[in-house]
Structure formats: C-alpha cells, structure tokens
Amino acid sequence: MQRQIFDDYESLSSAAADLVLETVRQNPGAVLCFATGNTPVGTYRQLIEKARARQADFSQCFCFGLDEWVGVPPEKSGTCHQILHEQLFKPLGIRGTQVHLFDGMTDDISAECRRMNEMIRQKGGIDLMLVGIGLNGHIGFNEPGCSPELEAHDQELHESTLASGQHYFNEPTPIAKGLTLGLAQVRAARTVLLLANGAGKASIIQKALEGPVTPEVPASHLQQHEGAVVMMDKAAAAQLTQ
Ligand code: F6R
C-alpha cells in the first residue's frame, strides 16, 4: 500500500484526477469503479476540467458504481445513480452503455447482486476503483464486521452511515440498507485509490493504515493490497505515527 500526503484538498483532488486520466490514457478500455460522497467531488470536478483540456478519450472505458441506497428511486438527488451521472458520466461523455450501476429499486436483491458480479467478471475485473472511507472505516457499504470474502451484497447500514447519508439528499429520505460491491471485489481491483480529507477522517485513517487488519475496520484490508494508493490531505494524515 502506498501513501501520498498533500497540502490541501485541491492538490489531493488534482493528483487523484491525474491517476484516473493516466489509467485511461495507458489503457483506453480500462474498467473503472467510482464511489460517491463528499470526498471525491473535487476529484470529479478536476477530472472533467483536465479531461477537456487534454482531450482525454473515455469512449472505450467501462464504469461501475460502487454502491447504492436500497429503495430510493435512481433519479432522486443523492443516489449514486444521480450523482455519478450528473457529476461524472454526462460531463465526460460516458454513455449509458458504458455504465453498470446497482438498481436500488430491485425487488430481487440476490439476482441484482449476481448480475453485478457476473458483469464484473465479464469485463475482466476492475482496473481502478476509487473509494472514500467512512468514519467507521467502511468502504462502499462494507460496514464493520463484514467478511472480506464477500462479493456484491446488501447491507444493513450502521448509525453513522445513516446519519452521514442523510446529508447527500436534499430532503429527509428513508434509508436503511445499501447494495455494495464486497471487499473481495475491492481487494481484487488492480488499483484501489482511497481518498480521505479533513480532520474528521484523521482517527479512522490512523486505524485503517496503522492498526491491525481486521473486519472491524474494513479499510484496513487495503494494508495487504499491493495496488492500494491512499491519497490524503495533511489534516486526514495528522494522526499517522509513521
Ligand atoms: C459512497 C461510499 C461511501 C463513502 C464514505 C465516505 O459511494 O461508497 O463509502 O465513500 O461514506 O463518505 P464522504 O466522502 O462523504 O465522507
């Protein structure tokens, strides 16, 4: 696992955007996977600006969404669908046929998860997965206690995830469960780019990077991933001891 520490959120976002662009430049058919949340907003903004300036070509890549709220219509502001389409796919000119996201409105969760697993296998696995970290150490909706062997699954969300999740919606939205790629798929991605910014993430970043590798801190599994790159600003890195 590599660590990179940046002075501020802007330089962190710029470096993260560069890594995505470089991945697609080297491999135009790259298979990418994106999280939502507050952390990658700056990365996505810079990715769009840089992609335009460099005339980057995303027409052959394929994109997965990392997770989705169960039972929230996809067009609603705050879903992974809505955010990824508006903040990323449309501005980059990525077509619907190049994207596979969880259907949070499915009435057959097992079939939906099988469909996701099958699609990832069909595409030959994920080249670059961009993720954030929850205050409880989650990646996607892999909450503390999740088995590292799981593929796509549904997950009861923890209190802290439910509380921070409400901030993504523009009106109170009932949420209880999520659909998520599992830690087996995070661990299998060739590169996992984990982003963290702000003092609020400093304690969990220290545990994830320097504490024991344990299901209680799902992000700690990245310590054993040779292709993991953790990009942090100084505030998020402030409690690291090494
Ligand atoms: C969202 C996701 C979540 C977030 C995490 C951090 O798609 O996968 O795991 O990455 O909760 O959220 P922010 O970035 O809002 O602090």
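See above for the structure.
Residues numbered from 1 in each chain as written. Predicted model: local features only at pLDDT ≥ 70, side-chain atom pairs only at ≥ 80, totals over all residues. Heavy atoms only, no water.

Draft legend 1. Main features of the pattern of salt bridges. According to the stated counting rule, one finds 13 salt bridges in the structure shown. The salt bridge involving E10 is made with R45; its shortest N-O contact spans 3.2 Å. One end of the pair, E10, is in helix α1 (residues 9–26); the other, R45, is in helix α2 (residues 41–54), and 35 residues separate them in sequence. Its relative accessible area of 38% is what places R45 among the partly exposed residues. A salt bridge links D154 to K177; the shortest N-O distance between them is 2.9 Å. Within this pair, whereas D154 is found in strand β7 (residues 153–156), its partner K177 is found in strand β8 (residues 177–180), the two being separated by 23 residues in sequence. The exposure class assigned to D154 is partly exposed, which follows from its relative accessible area of 29%. If you follow the salt bridges from partner to partner, you end up with D18, K50 and R54 in one network. (Salt bridge = Lys/Arg side-chain N within 4 Å of Asp/Glu carboxyl O. Helix = DSSP H or I, 4+ residues; strand = E, 2+ residues; numbered from the N terminus. Buried < 20%, exposed > 50% of the residue type's maximum accessible area, 1.4 Å probe, protein only.)

Draft legend 2. Looking closely at the sheet that holds strand β4 (residues 67–69). Taken in spatial order, the three strands line up as β4-β8-β7 in an open sheet, and their pairing is antiparallel. Each edge of the sheet is formed by a strand with only one pairing partner; in this case those strands are β4 and β7. Taken over all neighbouring pairs, the strand axes of this sheet differ in orientation by 25° on average, direction set aside. Bridge count between β4 and β8: three bridges; the pairing is antiparallel. Residue D67 lies in a different strand from β8, and its bridge partner there is T180. (Pairing = 2+ DSSP bridges. Axes fitted to C-alpha atoms, helices over the stretch in contact; angles between N-to-C directions.)

Draft legend 3. Representation of the sheet that holds strand β1 (residues 2–6) within the structure. If you trace the seven strands from one edge of the open sheet to the other, you get β1-β10-β9-β6-β2-β3-β5, paired in parallel fashion. At either end of the open sheet lies a strand with only one pairing partner, and these are β1 and β5 (99–100). Examined bridge by bridge, strand β6 (residues 128–131) and strand β9 (residues 191–196) share four bridges and lie parallel to one another. Paired with L130 across the bridge in β9 is L193. In this fold α1 packs onto β1, β2 (31–34), β6, β9 and β10 (228–233), with an angle of close to 155° to the strand it touches most, β10. (Contact = heavy atoms within 4.5 Å.)

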